[in-house]
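Spelled out from the first residue to the last, the chains are:
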Amino acid sequence: MLKSAIDHKAIQFEFAKKTFLSFIEERKHFIPYLRPEKTPVLCMDLDGIKRRYIELKYHFSKFNVYYAVKANDHERIIKSLAELGSHFEVASSQELSKVLQAGVSPNRIISSNPVKPPDFIEYCKEVGMDRFAVDSYTEIDKIAAVMKRARVYVRVVVPNEGSDWPLSKKFGVDLDTAIDLLEYAREKNLIPYGITFHVGSQCNNFRNWFIGIRTAAELWERARMRGLKLQMLNIGGGIPVKYSYEALSIEDIAYYVKGLMQKFFPILPHELQMEPGRGIVGDQGMMICRVIGKAKRGEDNWLYIDTGVFNGLAEALGGIRYAFYLDKEGELKEWTIGGVSCDSMDVVARNVALPEPEVGDYLYILSAGAYTTVYAAPFNGFPVPEVIFPQG
Ligand SMILES: Cc1ncc(COP(=O)(O)O)c(C=O)c1O
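Owing to the predicted nature of the structure, the values given are computational and were not obtained by experimental measurement.

What counts, and where the lines are drawn
- Residues numbered from 1 in each chain as written.
- Predicted model: local features only at pLDDT ≥ 70, side-chain atom pairs only at ≥ 80, totals over all residues.
- Heavy atoms only, no water.
- Disulfide = S-S within 2.5 Å.
- Near = heavy atom within 4 Å.
- Polar contact = N/O pair within 3.5 Å; in protein donor to acceptor, adjacent residues only side chain to side chain.
- Areas by Shrake-Rupley, 256 points an atom, 1.4 Å probe, with all protein chains shown as cover.
- Buried < 20%, exposed > 50% of the residue type's maximum accessible area, 1.4 Å probe, protein only.
- Helix = DSSP H or I, 4+ residues; strand = E, 2+ residues; numbered from the N terminus.
- Arc of directions from axis to C-beta.
- Contact = heavy atoms within 4.5 Å.
- Axes fitted to C-alpha atoms, helices over the stretch in contact; angles between N-to-C directions.
- Parallel < 35°, antiparallel > 145°, perpendicular 65-115°, else oblique.
- Nonpolar A, V, L, I, M, F, W, Y, C, P; charged D, E, K, R; others polar.
- Salt bridge = Lys/Arg side-chain N within 4 Å of Asp/Glu carboxyl O.
- Domains from an automatic or database assignment.
- Buried area = accessible area lost by both parts, 1.4 Å probe.
- Pairing = 2+ DSSP bridges.
- Left-handed = near helix turned anticlockwise from the far one by under 90°.

**Student:** I'd like to hear about the state of the cysteines, residue by residue, with values.
**Tutor:** Throughout the structure, instances matching the rule amount to 0 disulfides. This cysteine, cysteine 43, is not joined by any disulfide, and cysteine 289 carries the nearest cysteine sulfur, 12 Å off.

**Student:** Give a detailed account of the site of the ligand, specifying residues and quantitative values.
**Tutor:** The ligand sits among 14 residues. The nearest are Ser201, Glu275, Gly277, Arg278 and Tyr371. Measuring from a nitrogen atom of the ligand, one finds a side-chain N or O atom of glutamate 275 at 2.7 Å. A total of 400 Å² of accessible area belongs to the ligand in isolation, and the protein chains cover 92% of it.

**Student:** For helix α6 (residues 118-127), give the residues involved together with the corresponding values.
**Tutor:** Every buried residue of α6 is listed here: Phe120, Ile121 and Cys124. Buried residues along α6 cover an arc of 100 degrees about the axis, so they all sit on one side. Away from the buried face of α6 by more than 90 degrees, exposed residues Pro118, Asp119 and Glu126 are located. Looking at the buried side of α6, the elements it contacts are α5 (93-101), β5 (131-134) and α7 (137-146). Two residues or fewer past α6, glycine 128 is found with a positive phi of approximately 85 degrees.

**Student:** Just give me the short version of the packing of α5 against α6, but keep the residues and values in it.
**Tutor:** α6 packs onto α5 with a crossing angle of 25 degrees between their chain directions and a minimal axis gap of 9 Å. One finds that α5 runs roughly parallel with respect to α6. Judged by residue contacts, Ser93, Leu96, Ser97 and Leu100 of α5 engage Asp119, Phe120, Tyr123, Cys124 and Val127 from α6. Of the residues contributing to the contact of α5 with α6, the split by class is 6 nonpolar, 2 polar and 1 charged.

**Student:** I'd like a description of the pattern of salt bridges, backed by residues and values.
**Tutor:** Side-chain pairs of opposite charge can arise whenever the charged atoms involved come near each other. For the structure on display, the rule yields 27 salt bridges. Between aspartate 130 and arginine 151 there is a salt bridge whose closest N-O contact spans 2.8 Å. Highlighted residues: aspartate 130 in the loop between α6 and β5 and arginine 151 in strand β6 (residues 151-155), separated in sequence by 21 residues. Aspartate 130 sits in the partly exposed class, given a relative accessible area of 22%. A salt bridge links lysine 142 to glutamate 139; the shortest N-O distance between them is 2.7 Å.

**Student:** Outline the domain arrangement of the protein chain, listing residues and values.
**Tutor:** Domain annotation of the protein chain identifies domain 1 (2-44 + 283-388) and domain 2 (46-282). On a C-alpha basis, the centroid separation for the pair domain 1 and domain 2 is 32 Å. The partner domain 2 presents 24 residues to the 25 residues of domain 1 that form the contact. Interface area, domain 1 with domain 2, both sides summed: about 2100 Å², of which 53% is carbon and sulfur. Summed over the shared surface of domain 1 and domain 2, the result is 2 salt bridges. A salt bridge links aspartate 283 to arginine 52; its shortest N-O distance comes to 2.8 Å. Secondary structure elements with two or more residues in the side of domain 1 that touches domain 2: α2 (8-25) and β1 (41-44). When the residues that make up the side of domain 1 that touches domain 2 are grouped by side-chain class, the tally is 14 nonpolar, 8 polar and 3 charged.

**Student:** Go over unusual backbone geometry, please, and point to the residues and values.
**Tutor:** Residue proline 40 is bonded to the preceding threonine 39 through a cis peptide linkage, with omega at 0 degrees. Note on placement: proline 40 falls in the loop between α2 and β1. One non-glycine residue, asparagine 380, lies in the positive phi region at around 65 degrees. Here asparagine 380 lies in the loop between β17 (362-365) and β18 (386-388). Under the relative-accessibility criterion, asparagine 380 is labelled partly exposed at 36%.

**Student:** Before we move on, could you go through α7 and cite the residues and values that matter?
**Tutor:** Among the residues of α7, those classed as buried are Glu139, Ile140, Ile143 and Val146. Across the axial projection of α7, the buried residues extend over an arc of 135 degrees, all falling on one side. The outward face of α7, more than 90 degrees from its buried face, is lined by the exposed residues Thr138 and Ala145. Where the residues of α7 are buried, they touch α6, β5, β6 and α8 (175-187).

**Student:** Kindly report on the pairing of strand β15 (residues 332-338), identifying the contributing residues and their values.
**Tutor:** Of all 7 residues that make up β15, 5 are buried, and the element is covered over most of its length. Strand direction decides the pairing type here: strand β13 (residues 300-305) and β15, joined by 4 bridges, are parallel. Residue leucine 303 lies in a different strand from β15, and its bridge partner there is isoleucine 337. Relative to strand β16 (residues 347-355), β15 runs antiparallel, the two sharing 6 bridges. Counted as the bridge partner of isoleucine 337 is alanine 349 from β16.

**Student:** Describe in detail the packing of α8 against helix α9 (residues 206-225), supporting the description with residues and values.
**Tutor:** In a pair of packed helices, the angle between the axes and the distance between the axes together describe the arrangement. The geometry of α8 relative to α9 is characterised by a closest axis approach of 10 Å and an angle of 45 degrees between their N-to-C directions. With respect to their mutual orientation, α8 and α9 come out oblique. Judged by the sense of rotation from one axis to the other, the crossing of α8 with α9 is right-handed. Contacts from Leu175, Asp176, Ala178, Ile179 and Leu182 in α8 reach Thr215, Glu218, Leu219, Arg222 and Ala223 in α9.

Below you can see the structure in the form of structure tokens.
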């Protein structure tokens, strides 16, 4: 009986409204930008990104933060983080080139993509960047063919349960393979440098860090027994942000990770790395789009917007549940939000509680700072969101 009395639509809309209002309250200088003439627009808060980096450095004080450029590769973000002394994680020649252009020294850059295009490895050699993740013999062969004495770190697989964007199916190896790979790297005249894992992006499960660090410690010890002197542990990304639900805080994750490090690594590796992407930029951006249509299909209320999964909201396809806010009052209904293209896969969200929208209304999509514009393409001729940085 109690259950049916709960107004899920009101709870959902209130959550989105509160998130929107507190986002704007902390960024009053965004107010003049809330009704842009041209949409879609991604409004990013550069100062917020800097504060987030500083917060991470403060709580993870023993770690070097390598910003995962893939989350949002905008030059202004890279430049601002570079000025604060951030390190960077890149996957491609283009990302590497952007980071170098921001004046970052190659010894502050790593590449943790376990499978890299050969021409990217060549480019790394050319610029003097020599630290790479691996999880296969082929990758070690590829690197060894280009560079002598490059430093390689092995990616071990850890569970990604409770992570909204799991990454463990495509990459990572078990402990036995990992130790063999490190030995193989040594035979190939590379430097067995360290260990990495990824708990899955948007990770809301402490246990993944527990298994990751415990697994890394076991591998570290096995490597030591085989005479391999590793130097570096990289705990990947995974720091979550608030979408249509709360997320673990940086402070809590850092506290937990610190405890795990004390338990499993009484002697700390020479370098500790983390490579957050979403956790730095995710909730520092808001997408503004407009309603372009409405329809009733059977029982379903459809609402169509001028962006979609192809031009900014790709993660909606794989489990990210954005919070949507419409600045109106009135009875709440549940809506299916369709993207702008004519592809029927282009559905951004279902069961979204909103007051009745009208064509032309602005719809605000919170926490759209990560993995949006970097995925966007002008499919069907619809523009990718313009990125703006309102200044306070
Ligand atoms: C190798 C690697 N490192 C770091 C990241 C960043 O992860 P997140 O955005 O969850 O912090 C990713 C994300 O895909 C990744 O693949």
